[in-house]
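Coordinate analysis (summary)
Spelled out from the first residue to the last, the chains are:
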Amino acid sequence: MRDDAEIVLSFREASREWSSLTESAGVADRSHRAVLRVTGPEAKLFLHGLVTNQVKAVEAGQGNYTAIINARGKTLGDGRMLVVGKEELLLDLEPESREKVLSHLDQLLISEDCELHDVTDRWAILGVYGPESARVVADALGSAIPSLPLHHHVAVPFEGGEVRVVAAAPAGVAGLDFFVERSVVEPLWNRLLGAASRHGGGPIGDEILDAARIHHAIPRYGAELDESTIPLEVNLERAISYTKGCYVGQEVIAKATYRGQVRRKLVQLRVPHGAAPGASLLEGEKVAGALVSVLDPDPAGGGPLALGFVRPDRLELGARLAIEGGGEAEISWVPPPRE
């Protein structure tokens, strides 16, 4: 459970699920994610002023990755924004941010001609990820989905209705997500699972997707990202438009970007077995950072990996830091400098 949302952690041995994800196709139930819907003539105008990425210039069938921050620049949630039509937008989020984002948007919906709906209990999200994902989806649906840029989406017929198919890469592994009414989750799941099996894949749980995101140094809300964090600390530049105009929290983001003033940055580290989430990273007697998520064992077969924060002056590939309680961490990935 995460914030009262039920999550399937695993279906099979971790090595088999990792193989499905990286070598063929893994089918995941991501219905724990929150789904919000904004409708009305001023839906785009309303959301444009409350998220970090572009909304007004995004056309129907397109989308992007964005964050929702407060006036102090602290992150209330992050997720996908999809433009379904001129007067309909979707926003899907991690469950830990559902109530915060819903409350924030609701409080700021004052005079705009639009409505905000929480459709989490009505809609579900299923995903297929990995190198064979497009072929698996084509097999399951009986026809191929056109090649889509990331976050672009199309509606396709299914069971007398339609489902929305979205180009996705939630853990750094490319694939397709399905936004679907909960009443048809089971038949779609069975179709996708059968097709995946025919192509050498199978079901995967949240633990494998979590392993993949740690491999790709992707933060998750409720772990590396929360209400104490500004997006730039966790390298979410891809969620930020610097040309869209004003939005809540913009001034904080602009100052942090152009003055380079962030107190910590997210990195990937190699750690010894037994390293614990929350342990401080030390340079001499000074605290230089902290571990957050630890992948031990690694289903890919390597040594343990972790995501953690370090001070900006310690952003050096290969730098070694002592771990509180014993052992040493080596920084194995740092964010590239902003162009």
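Rules used throughout
Residues numbered from 1 in each chain as written. Predicted model: local features only at pLDDT ≥ 70, side-chain atom pairs only at ≥ 80, totals over all residues. Heavy atoms only, no water. Pairing = 2+ DSSP bridges. Helix = DSSP H or I, 4+ residues; strand = E, 2+ residues; numbered from the N terminus. Axes fitted to C-alpha atoms, helices over the stretch in contact; angles between N-to-C directions. Contact = heavy atoms within 4.5 Å. Buried < 20%, exposed > 50% of the residue type's maximum accessible area, 1.4 Å probe, protein only. Phe/Tyr/Trp six-rings, centres within 6.5 Å; stacked < 30°, edge-to-face > 60°. Lys NZ or Arg CZ within 6 Å of the ring centre and 35° of its normal. Core = buried A, V, L, I, M, F, W, Y, C linked by side-chain atoms within 4.5 Å.

Structural notes on the sheet that holds strand E6 (residues 115-118)
In space, the five strands of this open sheet follow the order E3-E4-E5-E2-E6, with antiparallel pairing throughout. One side of each edge strand has no neighbouring strand; the edge strands of this open sheet are strand E3 (63-69) and E6. For this sheet, the mean inter-axis angle between neighbouring strands, taken without regard to orientation, is 25 degrees. As judged from the four bridges shared by strand E2 (residues 34-39) and E6, these two strands associate in the antiparallel manner. Across the sheet, the residue bridging to Val38 is Leu116, located in E6. On the sheet, helix H3 (residues 98-108) packs against E2, E3, strand E4 (75-85), strand E5 (88-93) and E6 and is oriented at approximately 165 degrees with respect to E6.

Focus on the environment of Asp4
For Asp4, the location among the structural elements is in the segment before helix H1 (14-23). Using a relative accessible area of 72% as the deciding quantity, one classes Asp4 as exposed. Along the sequence, Asp4 and Pro95 sit 91 residues apart, while their C-alpha atoms lie 8.1 Å from each other.

Details of the sheet that holds strand E16 (residues 320-323)
Read once around its circumference, the closed barrel built from six strands follows the order E12-E15-E14-E13-E16-E17, with strand pairing classed as antiparallel. Going from strand to strand, the sheet's axes swing by 45 degrees on average, the running direction of each strand aside. Relative to strand E14 (residues 286-295), strand E13 (residues 280-283) runs antiparallel, the two sharing four bridges. The residue of E14 that forms the bridge with Glu283 is Lys286. Helix H6 (residues 206-215) rests against strand E12 (265-270), E14 and strand E15 (305-310) of the sheet, and its axis sits at about 140 degrees to E14.

Some remarks on the packing of aromatic side chains
Considering all chains together, one arrives at two aromatic pairs under this definition. Summarising the aromatic geometry, the rings of Tyr242 and Tyr258 are spaced 6.1 Å apart at their centres and angled 70 degrees between planes, so their arrangement reads as edge-to-face. In this pair, Tyr242 is assigned in the loop between H6 and helix H7 (250-259) and Tyr258 in helix H7, connecting sequence segments 16 residues apart. Note that Arg264 overlies the ring of Phe309, its terminal NZ or CZ placed 4.0 Å from the centroid.

With respect to the nonpolar core
Among the nonpolar cores identified, the biggest contains 25 residues, and Leu21, Tyr129, Ile204, Leu209, Ala212, Val234 and Leu236 are the most heavily contacted of them. Looking at which element gives the most residues to this core, the answer is H6, with five residues. With 24 residues, the next largest nonpolar core counts Leu126, Leu176, Val184 and Ala196 among its residues.

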